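The residues making up each chain are set out below.
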Amino acid sequence: MKQFEVNFDGLVGPTHNYAGLSFGNVASLNNANAVSSPKQAAKQGLGKMKALSDMGMKQGILAPQERPDIATLRRLGFTGSDASVLESAAKQAREVLLACCSASSMWTANAATVSPGADTADGRVHFTPANLTNKFHRSLEPEVTGRILKATFANDKYFAHHTHLPDNEHFGDEGAANHTRLCTDYGHAGLELFVYGRHAFDPSKPAPKKFPARQTLEASQAIARLHGLSDEQVVYIQQNPDVIDQGVFHNDVIAVGNQNVLFFHEQAFYDTQTKLDEIRRKFGDHPLHFIEVKTDDVSVLDAVKTYLFNTQIITLPSGDMTIIAPTECQENDAVSRYLDNLVTTGTPIKSVNYFDVKQSMRNGGGPACLRLRVALTEQELDAVNPNTLINDQQFARLNTWVDKHYRDELAENDLRDPQLVTESRTALDELTQILKLGSVYPFQQD
Ligand code: SUG
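Residues numbered from 1 in each chain as written. Predicted model: local features only at pLDDT ≥ 70, side-chain atom pairs only at ≥ 80, totals over all residues. Heavy atoms only, no water.

Here's the deal with the overall build of the chain
On a plain count of helices and strands, the chain comes out with 18 helices and 15 strands. C-alpha atoms of the chain, sized along the principal axes, occupy 65 × 45 × 40 Å. With 446 residues in all, the chain has 63% of them scored as buried. For the chain, the proportion of contacts with a sequence separation of at least 24, taken over those separated by at least 6, is 77%. Accessible surface for the chain amounts to roughly 16700 Å². Of this, 48% is attributable to carbon and sulfur atoms. Across the chain, 42 positive and 55 negative side-chain charges occur, with their mean positions spaced 2 Å apart. (Helix = DSSP H or I, 4+ residues; strand = E, 2+ residues; numbered from the N terminus. Buried < 20%, exposed > 50% of the residue type's maximum accessible area, 1.4 Å probe, protein only. Contact = heavy atoms within 4.5 Å. Areas by Shrake-Rupley, 256 points an atom, 1.4 Å probe, with all protein chains shown as cover. Lys, Arg positive; Asp, Glu negative; His and termini not counted. Charge placed at Lys NZ, Arg CZ, Asp CG, Glu CD.)

With respect to the sheet that holds strand β3 (residues 112–115)
Backbone hydrogen bonds are what pair the strands of a sheet, in a parallel or an antiparallel way. The strand order β3-β4-β5 describes an open sheet built from three strands, whose pairing is mixed. Looking at which strands have only one partner, the edges of the open sheet turn out to be β3 and β5 (159–161). For this sheet the average axis-to-axis angle between neighbouring strands, irrespective of direction, equals 20°. Across three bridges, strand β4 (residues 125–129) lies against β5 in parallel orientation. Along β5, the bridge assignment pairs His-126 with Ala-160. (Pairing = 2+ DSSP bridges. Axes fitted to C-alpha atoms, helices over the stretch in contact; angles between N-to-C directions.)

Concerning the sheet that holds strand β7 (residues 191–196)
Within the open sheet, the three strands sit side by side as β6-β7-β8. Their pairing is mixed. Strands at the two margins of the open sheet, each flanked by one partner only, are β6 (179–182) and β8 (234–238). Neighbouring strand axes in the sheet, compared pairwise and without regard to direction, differ in orientation by 25° on average. Sitting on the sheet, helix α10 (residues 272–283) touches β6, β7 and β8, and the angle it makes with β8 is about 170°.

Examining the packing of helix α2 (residues 38–54) against helix α16 (residues 392–405)
Close contact between α2 and α16 brings their axes to 10 Å; oriented N to C, the two are set at 175°. It follows from the interaxial angle that α2 and α16 lie roughly antiparallel. Of α16, the residues touching α2 (which contributes Lys-39, Ala-42, Lys-43, Leu-46, Gly-47, Lys-50 and Asp-54) are Asp-392, Phe-395, Leu-398, Asn-399, Val-402 and Asp-403. A per-class count over the contact of α2 with α16 returns five nonpolar, two polar and six charged. (Parallel < 35°, antiparallel > 145°, perpendicular 65-115°, else oblique. Nonpolar A, V, L, I, M, F, W, Y, C, P; charged D, E, K, R; others polar.)

Focus on the site of the ligand
The local shell around the ligand holds 22 residues, among which Leu-21, Ser-22, Ser-28, His-137 and Asp-252 are the closest. Between a nitrogen atom of the ligand and a side-chain N or O atom of His-250, the distance comes to 2.9 Å. Within the complex, the protein chains bury 100% of what would otherwise be the 490 Å² of accessible surface of the ligand. Its residues assigned to classes, the shell around the ligand comprises eight nonpolar, 11 polar and three charged. (Near = heavy atom within 4 Å. Polar contact = N/O pair within 3.5 Å; in protein donor to acceptor, adjacent residues only side chain to side chain.)

So, the nonpolar core
Among the nonpolar cores identified, the biggest contains 76 residues, and Phe-8, Phe-159, Ile-279, Leu-372, Val-374, Leu-431 and Tyr-441 are the most heavily contacted of them. Excluding anything up to four places from it in sequence, Val-374 contacts Phe-4, Glu-5, Val-6, Phe-8, Val-114, Val-125, Phe-127 and Phe-153. Val-261, Ile-291, Cys-329 and Leu-339 belong to the second largest nonpolar core, which has 19 residues in total. (Core = buried A, V, L, I, M, F, W, Y, C linked by side-chain atoms within 4.5 Å.)

Observations concerning the packing of aromatic side chains
Tallying each qualifying case throughout the model produces 14 aromatic pairs. Aromatic ring contacts, followed pair by pair, group Phe-8, Phe-127, Phe-153, Tyr-158 and Phe-159 into a single cluster. Lys-50 extends its terminal NZ or CZ atom over the ring of Phe-395, reaching a point 5.5 Å from the ring centre. (Phe/Tyr/Trp six-rings, centres within 6.5 Å; stacked < 30°, edge-to-face > 60°. Lys NZ or Arg CZ within 6 Å of the ring centre and 35° of its normal.)

Considering the side chain of Ser-28
Following the sequence through the fold, Ser-28 ends up in helix α1 (residues 26–30). Residue class for Ser-28 comes out buried when judged on its relative accessible area of 3%. One polar contact links the side chain of Ser-28 to the main-chain amide nitrogen of Leu-21, over a distance of 3.4 Å. If we ignore the near neighbours within four places in the chain, the residues touching Ser-28 are Gly-20, Leu-21, Ser-22, Arg-362, Asn-363 and Gly-364.

Below, the structure written as structure tokens:
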């Protein structure tokens, strides 16, 4: 049976903007109030999807959320017409309005944690949307994310959908950004690595001092239980609290895995050697490549600046692996030198492909943040909503759709424009038809 890893990239929504919402995410804070280009952002994302599809990869797409989130503003006490809801929120609660306008669902690495059927007790692919409790703007995503996932993976025989974990910091869950899976082949049982930032119920354990640890151990354990993973298939690893304090707000900013390769910075984890030993033991008697980047070669600062580890390592149809890296990696001497050398060292990684995803990078989202990995067998892939898979025709339709509906520029003042609500809803309504998702958005359910 054939098996694939399908990347489901987030489509950047029409309100993509820079609002400095993510304390602990250096790029988000540094670019607060910059003028964004939603059109360029969406096109950069689509360009990456098309390129991966042209490389022979299976590529999917996940729809964005409805923003401005008028329903949440109403829940917070703003009343009247949509226009007056926006106007009073802008006057009385600027920060709340900004949070309700964020297009952050584009980073689908935070949409959910996914366990392939080969790993789960009932043999189905399991999805748990991330509750994203640590940031208000992101905590608005899980319900609609759940609906979009159900409309994309709409078949109970193959897919199991869970409700996101309780919305509380004790169970703070950031989805696949803190989860990676090692395996020999995508369709064979794998080893799921859950990386957490702190212990919610034991404050005596190490934790960062400056920036928040978004993912808790207890959340990771709950996901493993929900997905029916056995202890022998799971490794829980604590992120090094010191690197969280240097801006590594998700583990995928400092480590990434694919099949039998784990690519990580030497400072990524706490108690690294014990954890690497556990991974080796549980992975069994198969070749396994730990590619550990030393601080002398690339500093944590450079890793955070360039997103060297927020690269996608993908296995091409030829069997070789390639790295999908942001152009920031090419522009940094230490990092580009490291990557040039890496492809010559005899690991399965044979090449690097650079992509311009600067619109997303400026908010702290690299190529790997923009995608949710779903390992699927051929039968499972056949059960996926086919309109959510990228081919030449869907790519062309989505490009035209972006051209028709997206603004070239968006600044903070534009977010209080009631016309943006209409534009965004019109665009999303059409998108649900292109992707045949049904009514997933609050405005479609009124
Ligand atoms: O949650 N940025 C996102 C970036 C998410 C990156 N994802 C992964 N590492 N997988 C975040 O911090 C910034 C929005 C703003 O400031 O306007 C933001 O939400």
